[in-house]
Every structure is written in structure tokens, then in C-alpha cells.
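# Coordinates in review
Residues per chain, in single letters:
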Amino acid sequence: MTTSQPAHAPSLYTNVKNKLPKDTGIFLVMVGIALIFEISGWYVRDQSFLMNPGRLVLIILQVAIIGIIAVGVTQVIITTGIDLSSGSVIALAAVVAASLAQTSDSLSPMFPSLVNMPMAVPIVAGVGVGLLCGIINGLLITKTGIPPFIATLGMMVSARGLAQYYTQGNPISFLSDSFTAIGQGAMPVIIFLVVAAIFHIALKHTRYGKYVYAIGGNMTSAKVSGINVNKYLILVYTIAGGLAGLAGVVLAARVSTGQSSMGMSYELDAIAAAVIGGSSLMGGVGRITGTLIGAVILGLIKSGFTFVGVDAYVQDIIKGIIIVSAVSIDMYRNRNKR
């Protein structure tokens with residue numbers, strides 16, 4: 001005779017944990033970091049960190065630019081890929097957009113016959129440059145079998161070189177008011193939130209999202225089940241490139257100039273935001289909401305360290321430690337699952 005053992009009822013902790021939103025943990029980390037800098041601010045500088053409107057606006061604007069490219073990078077990471085070219089694509093898109101947004105007041109316009117162009121022209125040109133770079137990345141990865149790390153590393157170097165060649169190292173200024181308007185006030189934040197909302201819905205509620213997660217979860221199984229893996233990988237890298245182009249346009253509009261040095265290390269911040277927000281470098285896991293919170297955490301850390309007087313070089317060291325720690329935690333979590 002066999003005796004059946006009663007099933008263990010789920011604990012109260014498990015029930016509460018399952019009912020909480022998936023990004024609750026990382027949100028609490030963000031709140032904790034903000035409170036640490038608030039306390040440190042009163043101790044070190046005898047003033048509030050969070051109650052300064054100007055500082056909060058600066059944090060939000062920094063987060064917006066990084067956040068736009070992080071949305072694209074998150075989708076790449078979900079497919080087990082990586083995109084190192086985002087920062088350089090930002091620079092290339094920024095200088096191309098700026099060159100087509102110059103006014104007749106410019107002392108030496110790049111294209112004298114193309115001054116005072118409608119606002120849509122530089123925007124479309126900048127985003128188009130990003131889309132083209134993304135398509136090239138996707139084709140290199142799918143058609144030649146080059147690992148994403150190498151393909152996007154090549155694009156990172158080439159795009160930066162193209163930006164420098166295009167401008168000959170000179171800044172592009174005297175941009176039209178209609179163009180710079182998209183980078184002023186709350187517009188960068190609005191653009192970021194709209195982009196995040198669109199791709200949050202796309203990943204969660206569309207066939208595109210289901211296929212992206214399936215490819216990241218097990219690419220071989222995705223192929224066997226009939227998913228055109230190459231098609232969707234090209235699409236993912238194209239989207240990532242297009243969003244980098246959009247970020248470059250917004251950045252050029254915000255600072256009213258286009259320079260080939262723009263976007264330095266932005267790709268690392270975007271990857272860090274995605275990983276801190278819960279995206280797994282092993283693929284198949286990631287959420288736009290988590291990436292948004294991860295970007296805010298990076299913005300808080302950068303502004304907070306500056307606020308309490310931490311040296312810029314030390315900030316880079318700490319940021320590197322945070323990135324390595326986030327990846328290590330991700331690897332540990334995946335090892336436990338296996």
C-alpha cells in the first residue's frame with residue numbers, strides 16, 4: 001500500500017512574492033539608492049539631494065537619452081545578442097541630422113543649398129542613418145555568422161570614423177529653432193516614455209515579442225517551431241539602430257550642435273541599464289519596465305556621486321564595479337535555474 005503525502009501549502013512569503021510586480025525588487029533598490037544620497041547630502045553638504053528641482057530635471061534628461069537606446073539594447077540582449085555600436089551611431093546620426101538642420105545664419109554651412117530645411121528632414125535623416133547601421137549589423141550577424149560582439153564592435157569603430165570624416169572634426173552649429181525644440185524642456189522625456197511604452201506593449205502583447213523571447217530562450221527550438229530567426233534578428237538590430245539614431249537626433253537638438261565625439265560610452269550605460277533592470281545576457285529574459293528603472297538608477301548614481309563630491313574617475317570605477325556585479329548576479333541566478 002502506498003500513502004500519499006499532503007502537498008505543502010505555499011507559504012505566505014511565496015504568495016506575497018508572486019502577487020508583487022516583477023520589477024518590485026529593482027524598484028526598491030532604486031528607492032534605497034535615492035535615500036542613501038539624500039542622507040549623504042545632508043551629512044556632507046547640509047542640503048537635500050532629492051528636493052532640488054534643477055538636479056532632478058538634469059537626472060531625467062540624462063536618463064531619457066540613455067533610456068531611448070537602452071530600449072533597443074534590451075531587445076538585442078533578450079535574443080542573446082549584444083550591441084556595442086549604439087554610442088557611435090548616436091554620433092553619426094547627430095552630425096548628419098545637424099548638418100541638415102542648419103540655418104542661413106550659419107557662417108559655414110555644410111550644405112549651403114540645404115539650409116532652413118523643414119524639421120522633418122534632419123529627423124528622418126538621423127533616424128534613417130541609425131536604421132541603416134542596424135540593418136548592416138543584423139545582416140552581418142545572420143548572413144555571415146559573425147558573433148554579435150564582433151559585428152557591432154566593427155560598426156562602433158566604423159560609425160565613429162564616419163562621423164569624424166563627415167565633420168572633419170569640426171562641430172556643426174547654428175541649428176534651426178524648430179529642430180532644437182525637440183530636445184528642449186520635457187520633450188526628450190516624452191519621447192523616451194513613448195518609445196518605452198510602444199516596445200513594452202510590443203514585447204508583451206504581440207507576435208514580435210513572443211518570437212523575440214523564443215529566440216532568446218532557445219534559438220534551435222525557435223527554428224524548429226517555424227520561426228524565421230534571421231528575419232527577426234535583423235528586425236531587432238534594425239530597431240536598436242533606429243532608436244540609437246533617434247537618440248542622436250534628440251541629443252543634437254538638446255545641445256544645439258552636432259559633434260563626432262557625442263555618445264562616448266553611451267552603449268555601455270545602455271547595456272548596464274538593461275542588465276541592472278533584470279535583462280539576462282544568457283537571453284530570453286528582459287523587460288522594458290526594468291530597463292527604465294535601471295536607467296534611472298544609473299542617473300541617480302552619476303548625479304549623486306557628483307553631488308557628494310566623488311571624483312569623476314572614481315565614479316567610473318564604481319560604475320564598472322556595478323556593471324560587473326549586475327552581470328555576476330545574473331550569471332549566478334541563471335546557474336541556479338539550470
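In this report, the structure presented in the accompanying data block is examined. Please read all numbers here as calculations on a predicted model, not as lab measurements. (Residues numbered from 1 in each chain as written. Predicted model: local features only at pLDDT ≥ 70, side-chain atom pairs only at ≥ 80, totals over all residues. Heavy atoms only, no water.)

### Overview of the overall build of the chain
Selection rule: Per the convention used, a helix needs a DSSP run of H or I reaching at least four residues, while a strand needs a run of E reaching at least two, with both numbered from the N terminus. When a residue's accessible area, from a 1.4 Å probe over protein chains only, is under 20% of the maximum for its type it is buried; when over 50% it is exposed; and in between it is partly exposed. Every accessible area reported is derived by Shrake-Rupley at a probe size of 1.4 Å, with residue values counting cover from the shown protein chains alone. Residues scored as charged are limited to Lys and Arg (positive) and Asp and Glu (negative), so that His and the chain ends carry no count. Note on charges: their place is set at NZ of Lys, CZ of Arg, CG of Asp or CD of Glu.
Helix and strand counts for the chain stand at 14 helices and 0 strands. Starting at the N terminus and walking to the C terminus, you meet the elements of the chain as α-α-α-α-α-α-α-α-α-α-α-α-α-α. Each of the three principal axes of the chain carries a C-alpha extent, and together these read 95 × 60 × 30 Å. Per-residue burial for the chain yields a buried fraction of 46% across its 338 residues. With the model as given, the accessible surface of the chain reaches about 16,800 Å², and the carbon-plus-sulfur share is 67%. Charge-centre separation for the chain: the mean point of 20 positive side chains lies 18 Å from the mean point of 11 negative side chains.

### Concerning the packing of helix 4 (residues 86–99) against helix 6 (residues 148–167)
Heads up, the rule is: As a rule, the C-alpha atoms of each element are fitted with a line to give its axis, helices using only the stretch in contact, and angles between N-to-C directions run from 0 to 180 degrees. Orientation labels follow simple angle bins: below 35 degrees gives roughly parallel, above 145 gives roughly antiparallel, 65 to 115 gives roughly perpendicular, and whatever is left gives oblique. Left-handed describes a crossing whose near helix is turned anticlockwise from the far helix through less than a right angle; right-handed describes the clockwise counterpart. Throughout, a contact is declared for two residues whenever any of their heavy atoms are within 4.5 Å. As a working rule, the residues Ala, Val, Leu, Ile, Met, Phe, Trp, Tyr, Cys and Pro are called nonpolar, Asp, Glu, Lys and Arg charged, and the rest polar, with Gly in that last group.
For the pair helix 4 and helix 6, interaxial distance at closest approach is 7 Å and the crossing angle is 25 degrees. With respect to their mutual orientation, helix 4 and helix 6 come out roughly parallel. Taken as a pair, helix 4 and helix 6 cross one another with a handedness that is left-handed. Residue-level contacts link G87, S88, V89, A91, L92, V95, V96 and S99 of helix 4 to M155, M156, A159, R160, L162, A163, Y166 and T167 of helix 6. Here the contact of helix 4 with helix 6 is built from residues that sort into 11 nonpolar, 4 polar and 1 charged.

### Notes on the nonpolar core
Counted only if it meets this: Residue types Ala, Val, Leu, Ile, Met, Phe, Trp, Tyr and Cys, when buried and joined through side-chain atoms within 4.5 Å, form a set referred to as a nonpolar core.
By size, the foremost hydrophobic cluster in this structure holds 90 residues, and its most contacted members are V71, L92, F179, F199, Y208, L243 and I297. No other element matches helix 11 (residues 229–255), which puts 16 residues into this core.

### A closer look at helix 11
Put simply, the rule is: A helix is expected to span 1.5 Å for every residue after the first.
Relative to the 39 Å expected for 27 residues at 1.5 Å per residue, helix 11 spans 39 Å between its end C-alpha atoms, a close match to the ideal helical length. Judged by how many residues are buried, helix 11 sits mostly within the fold: 22 of 27 residues are covered. Downstream of helix 11 by one or two residues, S256 has phi in the positive range, about 60 degrees.

### A short note on the packing of helix 9 (residues 207–217) against helix 11
Here helix 9 crosses helix 11 at 105 degrees, and the two axes come no closer than 10 Å. When the interaxial angle is binned, helix 9 and helix 11 end up roughly perpendicular. Contacts between helix 9 and helix 11 involve R207, Y208, Y211, V212 and I215 on the former and, on the latter, V229, Y232, L233, L235, V236 and I239.

### Some words on unusual backbone geometry
The phi angle at F174 is positive, at roughly 60 degrees, despite the residue not being glycine. We classify F174 as partly exposed; its relative accessible area is 41%.

### Observations concerning helix 3 (residues 53–78)
This is how it is decided: For a residue, the bend is simply the angle between two axes, fitted respectively to the seven-residue segment ending there and the seven-residue segment starting there.
Relative to the 38 Å expected for 26 residues at 1.5 Å per residue, helix 3 spans 35 Å between its end C-alpha atoms, a close match to the ideal helical length. The largest bend in helix 3 comes to about 30 degrees, at G67. Judged by how many residues are buried, helix 3 sits mostly within the fold: 19 of 26 residues are covered.

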